[in-house]
Amino acid sequence: MSDKKMVTDLDVAGKKVLVRVDFNVPIKEGKIKDDTRITSALPTINYLLDHGAAVILMSHLGRPKGQPNPEFSLKPVADHLATLISAPVKFAEDCRGEIAKAAAEALKPGEVLVLENTRFYAEEEKNDPQMAADLASLADLYVNDAFGSAHRAHASTYGVAELLPSAAGFLMEKEIKYLGDAIANPQRPFVAILGGAKISDKIGVINNLLKKADKILIGGGMANTFLKALGYEMADSLVENEVLDTAKELLEKSEGKLLLPVDMVIGDAFDAEAKMETLPVGDVPAGWRILDIGPKTVETFGKEIANAGTIVWNGPMGVFEFPRFAAGTFAIAHKVAESKAVSIIGGGDSVSAINQSGLSDKITHISTGGGASLEMLEGIELPGLAILSNK
Ligand code: AMP
């Protein structure tokens, strides 16, 4: 990060600054359900306004599949932003073409313009050079503050940075600092907690963490494949048979760093009302499936968490959407919140578990980027960061 230009390295007074933000917020019936991603971008937006820039914001929202679709309009986001800052907030119903150009030209220092969803064009995700050129033509400078999209080389995150002098925003800086330091320079013991549905998404992460972390605690559906690799019958549990060999290899080379559940909460259906039972880890009875970690596992994992210097957590410990099978995830959330370690949580579900528990202020850093934070844990360079101007 230290080699990349920061927004504070740019001379922005009187300039038009195009900022890629991550305004991909959950919206239901026109109402924003969680504005964390909007408030997280305010330091960069306010800095630019205070330093005399005209600020043009662009983002994607949802998956409109390259077509304009009112369901995925950024208009409600622009309206919400107007309630959070004192500057006037304008909205352009297109992110390129005449509408965008006219709105950008008319924009004055101290004003904000929100462009419509970049993914209303299929060219966005293809990093199309013409789309990048159209976006770049709106401004003098480019700032990327969209950490949540930095693992994608799209027109608005990559192509445009090839065409304008560029820098990273404050959110990007903060995310890279916490996640980067955790990997490169952790306080030890460094304990990673991984959960969620599948191993296959996280093989690269486990491989990298085996080199960097002192302990990796595995819960959620991904533990099932490891347990099957150890020879247990998993009955109706979610298991990825195609990566069983990989799971065996990871266990063999883990030198005891990988900790698996010692007990399991099983259900007789994948259902919120399923009958439940708690058993030591072993063969799962026919017709049943593992849906959460048990209390003994919480205790074992809890000891590692209490002793940790750095904790990174990604992915729930069970099907926490069903209250009956949420105890493991919420107990781990409490253990992480109670620990004195530097704690970093990434990934929508684990972030949502910590927010639902009301414990978010006890966490050192809650990442706004699920995929991007995983790629950092995997040790992959983020293209949206790599392309920014060097100091
Ligand atoms: P991911 O997107 O990979 O982080 O996975 C999150 C999902 O994993 C959540 O929707 C959980 O319900 C699901 N999950 C966690 N544990 C299990 C389990 N034991 N069996 C099936 N799904 C699970």
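Residues numbered from 1 in each chain as written. Predicted model: local features only at pLDDT ≥ 70, side-chain atom pairs only at ≥ 80, totals over all residues. Heavy atoms only, no water.

### Quick notes on the layout of surface pockets
Part 1 of the reasoning: Of the voids in this model, the largest pocket is the one considered here, and its volume is about 860 Å³.
Part 2 of the reasoning: In terms of lining, the largest pocket is formed by 29 residues, of which the most central are Asn 24, Arg 37, Gly 348, Thr 368 and Gly 370.
Part 3 of the reasoning: Per-element tally for the lining of the largest pocket: the top contributor is helix α12 (residues 348-356), with five residues.
Part 4 of the reasoning: A per-class count over the lining of the largest pocket returns four nonpolar, 17 polar and eight charged.
Part 5 of the reasoning: Of the residues that make up the lining of the largest pocket, three or more belong to each of domain 1 (7-173) and domain 2 (186-377).
Part 6 of the reasoning: In this structure, the second largest pocket occupies an estimated 530 Å³ of space.
Part 7 of the reasoning: If you trace the second largest pocket, you find 36 residues lining it, with Gly 196, Ala 197, Lys 198, Gly 221 and Leu 238 closest to the centre.
Part 8 of the reasoning: Class assignment of the residues belonging to the lining of the second largest pocket gives a composition of 16 nonpolar, eleven polar and nine charged. (1 Å grid on protein atoms, 1.4 Å probe; cavity = no way out; pocket = protein on both sides within 12 Å on 5 of 7 lines; lining within 4 Å. Points joined across faces, edges and corners; volume = space filled by probe spheres on them. Helix = DSSP H or I, 4+ residues; strand = E, 2+ residues; numbered from the N terminus. Nonpolar A, V, L, I, M, F, W, Y, C, P; charged D, E, K, R; others polar. Domains from an automatic or database assignment.)

### Section: the pattern of salt bridges
Part 1 of the reasoning: Summed over all chains, the structure comprises eleven salt bridges.
Part 2 of the reasoning: Asp 9 is the partner of Lys 391 in a salt bridge, and the nearest nitrogen-oxygen pair spans 3.9 Å. Of this pair, Lys 391 sits in the segment after α14 (383-386) while Asp 9 sits in the segment before β1 (16-20); the two residues are 382 residues apart in sequence, bridging distant segments of the chain.
Part 3 of the reasoning: On the basis of relative accessible area, Lys 391 is assigned to the exposed category, the value being 60%.
Part 4 of the reasoning: What makes Asp 9 partly exposed here is its relative accessible area of 37%.
Part 5 of the reasoning: A network of salt bridges, in which partner residues are shared, links Arg 96, Glu 123 and Asp 134. (Salt bridge = Lys/Arg side-chain N within 4 Å of Asp/Glu carboxyl O. Buried < 20%, exposed > 50% of the residue type's maximum accessible area, 1.4 Å probe, protein only.)

### A few points about the sheet that holds strand β12 (residues 263-267)
Part 1 of the reasoning: The strand order across the open sheet built from three strands is β13-β12-β14, with neighbouring strands paired in antiparallel fashion. Each edge of the open sheet is held by one strand with a lone partner, namely β13 (276-280) and β14 (289-293). Geometrically, the sheet is characterised by an average inter-axis angle of 40° between neighbouring strands, direction not taken into account.
Part 2 of the reasoning: Here β12 pairs with β13 via five bridges, running antiparallel. Each bridged residue has a counterpart across the sheet, and for Met 264 the counterpart in β13 is Leu 279. (Pairing = 2+ DSSP bridges. Axes fitted to C-alpha atoms, helices over the stretch in contact; angles between N-to-C directions.)

### A look at the site of the ligand
Part 1 of the reasoning: Close to the ligand lie 14 residues; Ala 197, Gly 221, Ile 290, Glu 321 and Asp 349 are nearest.
Part 2 of the reasoning: One of the backbone nitrogen or oxygen atoms of Gly 221 is found 3.0 Å away from a nitrogen atom of the ligand.
Part 3 of the reasoning: With respect to the ligand, the backbone of Ile 290 contributes an N or O atom lying 3.0 Å from a nitrogen atom.
Part 4 of the reasoning: Protein contacts shield 79% of the accessible area of the ligand, which totals 510 Å² for the unbound molecule. (Near = heavy atom within 4 Å. Polar contact = N/O pair within 3.5 Å; in protein donor to acceptor, adjacent residues only side chain to side chain. Areas by Shrake-Rupley, 256 points an atom, 1.4 Å probe, with all protein chains shown as cover.)

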